[in-house]
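# Chains, contacts and geometry: an overview
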Amino acid sequence: MGGRFWYQEKQGDIRLGYEEDGTCKMSVDVYPSMGFKTAGLRYKENWLQPYQPDWSGLLGIEDFGNTVLFPTPNRVRDGVFTFRGRRVEMKKKGVLQSQHGLAKNASWKVSDLRVSRQDVSVTAAFHICPGDENYAAFPYSSCLTMTYCLEKDRLICRYCVKNTDDLPMPFGIGLHPWFLLPRNPERVSLCVPAEYCYETTPDLLPTGKMIDVGEKAGSDLNVFCPVRELDLDTVYLTRGRDMRIRYEDRGYQLTISQSPEFMAGVVFTAFNRGMENTGFEAFCVESQTCCTDAINMHEKGFPCSGLMILEPGEEKAGYVSYTLTAK
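Presented here is an overview of the structure given in this document. Quick caveat, the model's predicted, so the values are computed rather than measured.

### Looking at the environment of Pro 193
Checked against the element boundaries, Pro 193 lands in the loop between β18 (188-191) and β19 (196-200). Remark: the alpha-carbon pair of Pro 193 and Arg 239, spanning 46 residues in sequence, is separated by 8.8 Å. With sequence-adjacent residues up to four places away left out, Pro 193 is seen in contact with Leu 221, Asn 222, Leu 237, Thr 238, Arg 241, Asp 242 and Met 243.

Have a look at this one:
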């Protein structure tokens, strides 16, 4: 029978898939009404990410899934930033948005859904415009377009940000995927290439110092380490290098590749940092273009903030991809 790509729509949600000889080889779910996040990545009949319906309770939370972090990935100190003398309180519906930006809790508009012999894809846009609630929290007119493209063994997440404002716009972007922790005794390991990680305060805000990973116990992931042995909520200076999750007993690995502007990688082992109380187990390996609190750190002269600035009318495009290969 060979292979074919397909998509399904149900109550506004979209599933992209690829099957061979009548068996689903790879699929992913997309949620346009919940920040255009994805979840439920499936490969060779194995769920790699939280999925419906078993994880419905958590997937209904806006921050849970593979969330799009824009225009301020991770945390912003007290939900307030200052850029070139302009102080902004990131208030949306009267609430300070101090974590993960504004796109996560917005409804995106799908503009394209297509299938071919090589792939299946869906595109949607998130706008920040004068007069809307997002502009009140981030007063820079802009548009973020995302395309999710599923191939035979890969999910590519492409973005394009355009500054439609009259002023230079500071921003960052990231993806925050959750991955299932396979049950014991199945083995899974992680490799994150980085010489340094960011020193943080107890509330996980950067101090402006970098730490050699070799000098911080349990933080060196330059060689594959068993995920169950990790206890991290750490931002690494990866400088766009690939991060890898190896499924030892399944015989394959997932490689997270990104365009060069994704200079930071975040590892969060939620399964032993409170999540164990929920009865679920998962961890995060995130791609981000900047460090936590990047706008404020940039204004303080921190050279590793990773903040991007678009001039009026300027665009920036890039990608994050998740590729499955034999290890």
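### Examining the side chain of Ser 259
Residue placement: Ser 259 occurs in the loop between β24 (252-258) and β25 (264-268). Under the relative-accessibility criterion, Ser 259 is labelled buried at 5%. Within polar-contact distance, the side chain of Ser 259 engages the backbone nitrogen of Tyr 319 at 3.0 Å. Ignoring sequence-local partners within four residues, the contact set of Ser 259 consists of Gly 240, Gly 318 and Tyr 319.

### Considering the sheet that holds strand β2 (residues 13-20)
If you walk across this open sheet you meet the 5 strands as β1-β2-β3-β4-β5, and the pairing is antiparallel. The open sheet has two edge strands with one neighbour each: β1 (3-10) and β5 (46-47). As defined by bridge partners, strand β3 (residues 23-31) adjoins strand β4 (residues 37-43) across 5 bridges and the pair is classed as antiparallel. For Met 26, the partnering residue across the bridge sits in β4 and is Tyr 43.

Scoring rules and cut-offs
Residues numbered from 1 in each chain as written. Predicted model: local features only at pLDDT ≥ 70, side-chain atom pairs only at ≥ 80, totals over all residues. Heavy atoms only, no water. Helix = DSSP H or I, 4+ residues; strand = E, 2+ residues; numbered from the N terminus. Contact = heavy atoms within 4.5 Å. Buried < 20%, exposed > 50% of the residue type's maximum accessible area, 1.4 Å probe, protein only. Polar contact = N/O pair within 3.5 Å; in protein donor to acceptor, adjacent residues only side chain to side chain. Pairing = 2+ DSSP bridges.

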